[in-house]
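Residues per chain, in single letters:
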Amino acid sequence: MEQPSVAPILSLNNVEVIYDYVSLAIKGVSIEVPTGGMVALLGANGAGKSTTLKAISGLLTAERGEVRRGEVTFLGQSISGMMPQDRVKLGIAHVLEGRRVFEHLTPEENLVAASAVRSRHVMKRNMDRVYGYFKRLHERRGVASGYLSGGEQQMLAIGRALMTEPKLLMLDEPSLGLAPFLVAEIFQIISTISKDEGLSVLLVEQNAVAALDIVSHGYLIENGRIVMHDSTEALKRNPDIQEFYLGGAKGKDFRDIKHYSRRKRWLT
Amino acid sequence: MDAVLLLESAVNGALVGLMYSLVAIGIVLIYKSSSVPNLAQGSMTMLGAYIVLAISTGVGAPIWLAIPLAIGVMFFVGIGIERLALRRLAGRPVIMILMMTLGIEIFLRAGTMTIWGGTSRPISLGISDAPLFLGPLLINRAYAFGAVVALAMFGLFVLFFRTRTGVVLRAISDDYTAAWSVGISVERGVALSWAMAAVVATIGGVLWGSVQGVDQSLALLLLKAVTVAVLGGLDSIGGALLAGLLLGIVEGVAGSFLDPLLGGASRDLVDAAMLILTILIRPHGLFGRHDIERI
């Protein structure tokens, strides 16, 4: 398998997360995100994708989760045990699953709330930058965010994260519940931001087709374990990935039921 | 019906109502900035008054110095409450937090009873007992002063929630996890809201203490404050103001006209009726936020 060539901005080494002292959610996950690179973490519902992101952003504690083993390293520094707000200061931004905008605040206030530690001048500059990427947010900046459309809320969630001036942007299922053309638009903007500003991106997705279009490297997580990782090209060529994650490249014969019961090769 | 008596009851009731709002604002502040229903505001109001007394009689400081000193002390009491009692509960079910604030209320009542006993002590702000004449109406000066202070506090807090810190606090109340995710120190925000509530409690406590003396009955203001906060909508500062006015006027008028018929206690009946009816008919109050549901 190909390893990313650039030095990693983020690496997880054998991270194990446990909820409520009993249930093991991820079991020895190792991931690297190269500096300035875009990496996808793909997997089905409940595979441990969100837990992995929360282990990185430190939001596990709020849900009584805990990193029990392994190490999360960001910019060469171990961040296990750090408070979430300190990780944000270091440059880690986590866009939560389901958007989670501050619904009773306007988009503009959402952006203000996310720059609590910045000077007014820096905040204004970041705000212009966010409005530059997401023009629609600017048009809707005075409405309560709860009334924005799903796509606008997702843009706001990403824009809000950008206000913290991240070096690593983690997105948890940004395509959830959005029309395909919006997914394409949002992914395109993320890709542009990454290229323009050297922002590293860790993208968690169920929608593997869309994700593999913009990232350079992908990890596959199943039942809390990384079962495979490779460059996007290699992943796209892999027949199992094609079948189980990309919906079959050759056109599936639905009469051939046996097809479904075939085991994934990496499990044997 | 005597029109002058009616009008006089209404005006004095409105002033008292604004002083209720001053206690209610402590509940609104905390709800608006952390979504925690604060049932400890009654005893915090009482504690504030006791601390002013302790400083002015114990150390012999003049009242106008004792009040700011007590405000400073109460600021840290508020911070302490968050640090010791609430920090561990962040992210836990709201019912546990509610019970915790009730526990604080009971603790503070029992604590003040232990330290200062049950006898009523006066606080004098140097406001004359002589009524203010407004045409044919007699207005209570102490209530009028309290109402003016209440209005000033409302103005202050309305402005505060437009500042960046205010926006951050509102964000925390919307979604703790999302607030953490953008680097907001949720713990510090919640502590700040309790500190502000404790400061308001001190001011409310002094004003009420000067009207009715400082004793355990000050903590019973919690009931009025809860009614006002719920009627106004738990997270609306302006709502608390109007609800206070409304409750005060209804109470005042009902008091003057129903008390002779019912033999007293009609104020508390009115209070209870307003609380219960609000929750039945309009649970989010007059101006409270709805939970936004998109279709």
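Look up: the structure comes first, before these words.
Residues numbered from 1 in each chain as written. Chains lettered and ligands numbered in written order. Predicted model: local features only at pLDDT ≥ 70, side-chain atom pairs only at ≥ 80, totals over all residues. Heavy atoms only, no water.

What follows covers helix H10 (residues 237–262) of chain B. Residues and elements named next belong to chain B. Of all bends in H10, the biggest is about 40°, found at Gly 255. Restricting attention to buried positions, one finds in H10 the residues Ile 237, Gly 239, Ala 240, Leu 241, Ala 243, Gly 244, Leu 247, Gly 248, Glu 251, Gly 252, Ala 254 and Gly 255. Buried-residue contacts for H10 involve helix H1 (3–34), helix H5 (141–160), helix H9 (221–232) and helix H11 (266–281). Looking one or two residues past H10, Gly 263 carries a phi angle of roughly 75°, positive in sign. (Bend = angle between axes of the 7 residues up to and from the residue. Helix = DSSP H or I, 4+ residues; strand = E, 2+ residues; numbered from the N terminus. Buried < 20%, exposed > 50% of the residue type's maximum accessible area, 1.4 Å probe, protein only. Contact = heavy atoms within 4.5 Å.)

Moving on, we get to the side chain of Glu 187 of chain B. Structurally, Glu 187 of chain B can be placed in helix H8 (residues 186–212). Polar side-chain contacts of Glu 187 of chain B include one of 3.4 Å to the side chain of Trp 180 of chain B. In this structure, Glu 187 of chain B is in contact with Met 83 and Gln 85 of chain A together with Glu 82, Arg 87 and Trp 180 of chain B, ignoring residues within four places of it in sequence. (Polar contact = N/O pair within 3.5 Å; in protein donor to acceptor, adjacent residues only side chain to side chain.)

As a further point, take unusual backbone geometry. Residue and element names in this part refer to chain A. In this structure, Arg 64 is a non-glycine residue whose phi angle is positive, near 55°. Position of Arg 64 relative to the elements: it lies in the loop between helix H1 (49–57) and strand E4 (65–74). The exposure class of Arg 64 is partly exposed, given its relative accessible area of 48%.

This paragraph deals with the side chain of Asp 175 of chain B. Take Asp 175 of chain B: it is sitting in the loop between helix H6 (164–174) and helix H7 (176–181). Setting aside residues no more than four positions away along its own chain, Asp 175 of chain B makes contact with Arg 100 and Phe 102 of chain A.

This next bit is on the sheet that holds strand E6 (residues 92–95) of chain A. All names here are of chain A. Reading across from one edge, E6-E7-E8-E3-E9-E10 is the order of the six strands in this open sheet, with mixed pairing throughout. Lying at the two open borders of the sheet, with one neighbouring strand each, are E6 and strand E10 (225–231). Neighbouring strand axes in the sheet, compared pairwise and without regard to direction, differ in orientation by 15° on average. Strand contacts of H1: strand E3 (38–42), E6, strand E7 (168–172), strand E8 (200–205) and strand E9 (217–222), with the helix running at about 150° to E7, the strand carrying the most contacts. Relative to the sheet, helix H7 (residues 180–197) contacts E3, E7 and E8, its axis offset from that of E8 by approximately 155°. (Pairing = 2+ DSSP bridges. Axes fitted to C-alpha atoms, helices over the stretch in contact; angles between N-to-C directions.)

With that settled, the discussion passes to the pattern of salt bridges. Within the structure shown, the criterion is met by 20 salt bridges over all chains. For Lys 49 of chain A, the salt bridge is made with Glu 173 of chain A, and the minimal N-O distance between the two is 3.4 Å. Residue Lys 49 of chain A is located in helix H1, and its partner Glu 173 of chain A is located in the loop between E7 and H7; the two are separated by 124 residues in the primary sequence. In this structure, Lys 49 of chain A and Glu 173 of chain A share a single accessibility class: buried. Put simply, Lys 224, Glu 251, Arg 267 and Asp 268 of chain B are held in one network by salt bridges that share partners. (Salt bridge = Lys/Arg side-chain N within 4 Å of Asp/Glu carboxyl O.)

Attention now moves to the packing of aromatic side chains. All names here are of chain B. One pass over the structure, following the stated rule, counts five aromatic pairs over all chains. With a centroid separation of 5.5 Å and an interplanar angle of 10°, the aromatic rings of Tyr 20 and Trp 208 are classed as stacked. Highlighted residues: Tyr 20 in helix H1 and Trp 208 in helix H8, separated in sequence by 188 residues. Residue Tyr 20 shares its accessibility class with Trp 208, and that shared class is buried. Plain terms: the ring middles of Phe 75 and Phe 76 are 5.5 Å apart, the flat faces sit at 75° to each other, and that makes the pair edge-to-face. Judged by its relative accessible area of 57%, Phe 76 is exposed. (Phe/Tyr/Trp six-rings, centres within 6.5 Å; stacked < 30°, edge-to-face > 60°.)

For a regular strand, side-chain orientation follows a simple rule: the groups alternate between the two sheet faces. Residue and element names in this part refer to chain A. Of the pairings in the sheet, the one linking strand E1 (residues 8–19) to E4 comprises eight bridges and is antiparallel in character. For Leu 10, the partnering residue across the bridge sits in E4 and is Phe 74. Relative to strand E5 (residues 77–78), E4 is paired through two bridges, and the arrangement is antiparallel. Looking at the pairing, Thr 73 lines up with Ser 78 of E5.

What follows concerns the sheet that holds E1 of chain A. Residue and element names in this part refer to chain A. With antiparallel pairing, the four strands of this open sheet are ordered in space as E2-E1-E4-E5. In this open sheet, the two strands that pair with only one neighbour each are strand E2 (23–34) and E5. Along the sheet, H1 contacts E1, E2 and E4; its crossing angle with E1, the most-contacted strand, is approximately 110°.

Turning our eyes to something else, we now look at a nonpolar patch on the surface. A cluster of nonpolar side chains, Val 94, Ile 95, Met 96, Met 99, Leu 102 and Ile 106 of chain B, forms an exposed patch at the surface whose accessible area comes to about 530 Å². Within the secondary structure, Met 96 of chain B sits in helix H4 (residues 94–116). (Patch = residues over 30% accessible without salt bridge, like charges linked within 9 Å, V, L, I, M, F, W, Y side chains within 5 Å. Areas by Shrake-Rupley, 256 points an atom, 1.4 Å probe, with all protein chains shown as cover.)

This next bit is on the packing of H5 of chain B against H10 of chain B. All names here are of chain B. H10 packs onto H5 with a crossing angle of 160° between their chain directions and a minimal axis gap of 9 Å. Classified by the angle their axes make, H5 and H10 are roughly antiparallel. For the pair H5 and H10, the sense of crossing is left-handed. Here Leu 151, Phe 154, Phe 157 and Val 158 of H5 come into contact with H10, specifically with Ile 237, Ala 240 and Leu 241. Partitioning the contact of H5 with H10 into residue classes produces seven nonpolar, no polar and no charged. (Parallel < 35°, antiparallel > 145°, perpendicular 65-115°, else oblique. Left-handed = near helix turned anticlockwise from the far one by under 90°. Nonpolar A, V, L, I, M, F, W, Y, C, P; charged D, E, K, R; others polar.)

Bringing the pairing of E2 of chain A into the picture now. Residue and element names in this part refer to chain A. Bridge count between E1 and E2: nine bridges; the pairing is antiparallel. In the sheet register, Val 17 faces E2, and the bridge partner there is Ile 26. A loop of three residues connects E1 with E2, the two strands running antiparallel in sequence, and Asp 20 in this loop sits at a positive phi of about 55°.

A few words on the nonpolar core. The biggest cluster of nonpolar side chains holds 146 residues, and the ones touching the most others in it are Phe 102, Ile 158 and Leu 169 of chain A together with Met 44, Ile 172, Ile 184 and Trp 194 of chain B. Those residues in contact with Ile 184 of chain B, other than ones at most four positions away along the chain, are Gln 85, Phe 102 and Ala 113 of chain A together with Val 168, Ala 171, Ile 172 and Ala 179 of chain B. In this structure, Ala 55, Leu 60, Phe 74 and Val 204 of chain A belong to the second largest nonpolar core, which totals 29 residues. (Core = buried A, V, L, I, M, F, W, Y, C linked by side-chain atoms within 4.5 Å.)

A few words on the interface of chain A and chain B. Between chain A and chain B, the contact holds 34 residues from the first and 23 residues from the second. Roughly 2,600 Å² of surface becomes buried between chain A and chain B when both sides are summed, with 58% attributable to carbon and sulfur atoms. At the junction of chain A and chain B, the tally comes to two salt bridges. The partner of Asp 175 of chain B in a salt bridge is Arg 100 of chain A, and the shortest N-O contact between them spans 2.6 Å. Connecting chain A to chain B are eight residue pairs in polar contact (both at pLDDT 80 or more). Secondary-structure elements contributing two or more residues to the side of chain A that touches chain B are helix H2 (84–90), helix H3 (107–113), helix H4 (120–133) and helix H6 (150–162) of chain A. Tallied by class, residues from the side of chain A that touches chain B come to 16 nonpolar, 10 polar and eight charged. (Buried area = accessible area lost by both parts, 1.4 Å probe.)

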